[in-house]
Amino acid sequence: MRSEDWWSIWLGWAVLLLALAATFSARPDDLPERSRQFVALTDRLDVLAADHSADEAQLAALRKQRDELRADLARNPLKPWLAKIGSWESDPRVAFVDKQEHSIWPGVAGVFVVTLALFGAGLAGLGEPVRGFPLAFACLFALAIGAYVLAGQKYVKNYNLEYALWALVVGLIISNTVGVPGWMRPALRTEFYIKTGLVLLGAEILFNQLVALGLPGIFVSWVVTPVVLVSTYIFGQRVLRIPSRSLNMVICADMSVCGVSAAIATAAACRATKEELSLAIGLSLGFTVAMMVAMPAAIQVLGLGPVLGGAWIGGTIDSTGAVAAAGGMLGEKALAVAATVKMIQNILIGAVAFGVAVYWVTCVERSSDAERPGLVEIWRRFPKFVLGFVAASIVFSAISASGPAGHATVESVIGGTTEMLRGWLFCLAFVSIGLETNFRELSRFMVGGKPLILYVCGQTLNLVLSLAMAWLMFEKVFPNAASALGG
């Protein structure tokens, strides 16, 4: 139990339980009455929305009232103590002021204190020295702030060049120029940060999203994805003959499942090096930006419509944030479909990690005359933090399905705590990846451009199969499947 995987679960669930406890404690005394009012108002809105002659001003007023009622059902007292860097145009200082002209530095400081305490405790639990960690972590956190500031610039943000890219670039510049000082090494805990962040992500992957699109969403996400993963991996081994099997697998999982999150989980299962992981993530981020811009334009030219276009986006673009941005360019319906398909696909993270662990132990690392490893070795290799991810998904799905108050509680916990901290943890991880990556080491994986060819071919197959499956499911077999999502 004294491993990084297990401690990422303990830390992630400590945050989840604390946020849940705080939100439950702040519930109003007349919660049942407020819940009944919310349900009645929602039913009234549904009736009025179905009446195309309804007054838009009245609908807007009722929606505002419903939003206020939902906010009253669950408030997260921790929200004011955590903050993320905002947007700016010409003066970076604007990024540290909220819409009410209040400084967000206390919230940023709150994030720093919480993350420092969490991972300081984690290192102590792992039996590693904590003495030099606070200073090293403070420096790493400052670099993460810098990445967020760069990503928040107005024109940069318009191109959706997210913090992950800037965090990676900042780290790469330092590591490949002046170098990383030895005293900063204790804070470079890439996998620890992102594994804990993935446990928090589990709270955002709700099973009601799977039900919302049902079979068509499952076919696009759960049938196409494994086919692309396996086909691309075989192509990389037998046609391209990529020397590193682990690099091949991480690129395939990154490209076919859901980008960085799947890459991290798969890298842990097949013991990929940090350089291999960095290369896969770099390819993913580059193609994500390009596809986010190109796919909405292509969908409009081809006249695919918001449902089919949204499903295609959700099944192919790697990053969940880029999926939302691309879907939003096509309207609310496309955004809802794209985000839901992507969230259904994200559920595969655990299954893919387990499958890769089994395959690696029983096939890749076993010579022809060696004894076949047993379940113990598979369990030892399996990335345990995925269990925390799955548990968070199950628990928060159950709470969300318990009624309006439960759904509001989950939204409050995610919006006020976990989503914010997860973003910071991912940013810290990407800076760490950059700081630990040396271009000289990375260059040996790019001989002949094979990783790039692998990604392009795999993503091309992904685009073709996802579009074909989305067309079959959403246009022919289940033409009304997306009606429940609204938009």
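A. Representation of the overall build of the chain within the structure. Secondary structure assignment for the chain yields 21 helices and zero strands. Counting only residues that meet the buried cut, the chain has 52% of its 487 residues in that class. Counting only contacts in the chain whose residues sit at least 6 apart along the sequence, the fraction spanning at least 24 positions is 80%. For the chain, the accessible surface area stands at approximately 21200 Å², while carbon and sulfur atoms represent 64% of it.

B. Focus on empty space enclosed by the protein. By the definition in use, this model includes one cavity of 30 Å³ or more. In this structure, the largest cavity encloses a volume near 30 Å³. In terms of lining residues, the largest cavity is bounded by Thr-190, Lys-274, Leu-277, Ile-433, Glu-436 and Thr-437. The class makeup of the residues in the lining of the largest cavity is two nonpolar, two polar and two charged.

C. Quick look at unusual backbone geometry. Positive phi, close to 65 degrees, is recorded for Glu-101, a residue that is not glycine. Position of Glu-101 among the secondary structure elements: in the loop between helix H3 (56–73) and helix H4 (105–125). For Arg-271, which is not a glycine, the phi torsion comes out positive at approximately 55 degrees. If you trace the backbone, Arg-271 turns up in the loop between helix H11 (260–270) and helix H12 (274–302).

D. Just the nonpolar core, in detail. Ile-85, Leu-140, Tyr-193, Ile-313, Trp-424 and Phe-430 are the most contacted members of the largest nonpolar core, which totals 141 residues. Sort the elements by how many residues they give to this core and helix H19 (residues 404–435) lands first, with 15 residues. Setting aside anything within four residues of it in sequence, one finds Leu-140 in contact with Met-184, Ala-187, Leu-188, Tyr-193, Leu-428, Val-431, Ser-432 and Leu-435. One finds Leu-41, Leu-48, Leu-62 and Ala-74 within the second-largest nonpolar core, a separate group that totals 12 residues.

E. Local environment of the pattern of salt bridges. Under the counting rule described, the total for this entry stands at 11 salt bridges. The residue Glu-204 makes a salt bridge to Arg-422 at a minimum N-O spacing of 2.8 Å. Of this pair, Glu-204 sits in the loop between helix H8 (190–202) and helix H9 (207–238) while Arg-422 sits in helix H19, placing them 218 residues apart in sequence. Each member of the pair Glu-204 and Arg-422 is classed as buried.

F. View of the side chain of Ser-393. Within the secondary structure, Ser-393 is located in helix H18 (residues 385–400). Ser-393 gets classed as buried once you look at its relative accessible area, which sits at 4%. In this structure, Ser-393 is in contact with Gly-202, Ala-203, Ile-205 and Phe-207, ignoring residues within four places of it in sequence.

G. View of the packing of aromatic side chains. Enumeration according to the criterion identifies 18 aromatic pairs in this entry. A ring pair is formed by Phe-96 and Trp-105, whose centres lie 4.5 Å apart and whose planes are at 0 degrees; its orientation type is stacked. Classification of Phe-96 by relative accessible area gives buried; the value is 11%. According to the relative accessible area criterion, Trp-105 is partly exposed, its value standing at 43%. Seen from their ring centres, Phe-119 and Tyr-193 are 4.9 Å apart, and the 85 degrees between their planes marks the pair as edge-to-face. In this pair, Phe-119 is assigned in helix H4 and Tyr-193 in helix H8, connecting sequence segments 74 residues apart. We note that Phe-119, like Tyr-193, is buried.

H. The arrangement of the environment of Ala-269 in detail. Following the sequence through the fold, Ala-269 ends up in helix H11. Expressed as a C-alpha distance, the spacing of Ala-269 and Pro-383, which sit 114 residues apart in the sequence, is 5.9 Å.

I. Spotlight on helix H15 (residues 332–346). Compared with the 21 Å implied by 1.5 Å per residue over 15 residues, the 21 Å span of H15 between its first and last C-alpha is a close match. When you tally the buried positions in H15, you get 12 out of 15 residues, the bulk of the element. Residues Lys-333, Ala-334, Ala-336, Val-337, Ala-338, Thr-340, Val-341, Lys-342, Met-343, Ile-344, Gln-345 and Asn-346 constitute the buried set of H15.

J. Molecular detail of the packing of helix H10 (residues 245–258) against helix H16 (residues 348–364). Contact geometry of H10 with H16 gives a least axis separation of 12 Å together with a crossing angle of 160 degrees. On the basis of their axis angle, the class for H10 and H16 is roughly antiparallel. Crossing hand, H10 versus H16: right-handed. Counted together, Arg-245, Ser-246, Met-249, Val-257 and Cys-258 of H10 and Leu-348, Ile-349, Val-352, Val-356, Tyr-359, Trp-360 and Val-364 of H16 form the full contact between these two elements.

K. Main features of the packing of helix H1 (residues 4–25) against H18. With their axes 8 Å apart at the nearest point, H1 and H18 run at an angle of 20 degrees to one another. Between H1 and H18, the interaxial angle falls into the category roughly parallel. Crossing of H1 against H18: the hand is right-handed. The segment H1 lies against H18, with Asp-5, Trp-6, Ser-8, Ile-9, Trp-13, Leu-16 and Leu-20 engaging Phe-385, Leu-387, Gly-388, Ala-391, Ala-392, Val-395, Phe-396 and Ile-399.

L. Just the environment of Ser-90, in detail. Note that Ser-90 resides in the loop between H3 and H4. Using a relative accessible area of 71% as the deciding quantity, one classes Ser-90 as exposed. Note: C-alpha distance between Ser-90 and Lys-154 (64 residues apart in sequence) is 8.4 Å.

Rules and cut-offs
Numbering of residues starts from 1 in each chain and follows the order in which that chain's sequence is written. Only residues with pLDDT of 70 or above have their local features reported here, since the model is predicted, and side-chain atom pairs are shown and tallied only from 80 upward, although totals for entire chains, interfaces and linings are computed over all residues. As a convention, hydrogens and water are excluded, and side-chain values are obtained from all of the structure's heavy atoms. Labels follow the DSSP assignment, with helices taken as runs of H or I lasting at least four residues and strands as runs of E lasting at least two, numbered in each case from the N terminus. Residue exposure (1.4 Å probe, protein chains only): buried if accessible area is under 20% of the type maximum, exposed if over 50%, otherwise partly exposed. We call two residues contacting when some pair of their heavy atoms lies within 4.5 Å. With residues, only the protein chains shown are counted as cover, and all accessible areas are computed by Shrake-Rupley using a 1.4 Å probe. Lining residues are those with an atom within 4 Å of a point, where the points come from a 1 Å grid over the protein atoms alone and group into cavities, where a 1.4 Å probe fits but cannot get out, or pockets, open sets with protein on both sides within 12 Å along at least five of seven lines. Grid points are joined across faces, edges and corners, and a volume is the space filled by probe spheres set on the points. Any residue outside Ala, Val, Leu, Ile, Met, Phe, Trp, Tyr, Cys, Pro, Asp, Glu, Lys and Arg is labelled polar, Gly included; the first ten of those are nonpolar and the last four are charged. The definition of a nonpolar core used throughout is a set of buried Ala, Val, Leu, Ile, Met, Phe, Trp, Tyr and Cys residues joined through side-chain atoms within 4.5 Å. We define a salt bridge as a contact between a side-chain nitrogen of Lys or Arg and a carboxyl oxygen of Asp or Glu at a distance within 4 Å. Each Phe, Tyr or Trp ring (for Trp, its six-membered ring) is paired with any other whose centre lies within 6.5 Å, and the angle between the two planes then decides the class: stacked below 30 degrees, edge-to-face above 60, tilted in between. Expected helix span is taken as 1.5 Å per residue step, with the number of steps being one fewer than the number of residues. Note on method: axes are straight lines fitted to C-alpha atoms, helices fitted across the in-contact stretch only, with angles between N-to-C directions ranging 0 to 180 degrees. Angle categories are assigned with fixed cut-offs, so that under 35 degrees is roughly parallel, over 145 is roughly antiparallel, 65 to 115 is roughly perpendicular, and the rest are oblique. A crossing counts as left-handed when the near helix is turned anticlockwise from the far one by less than a right angle, and as right-handed when that turn is clockwise.

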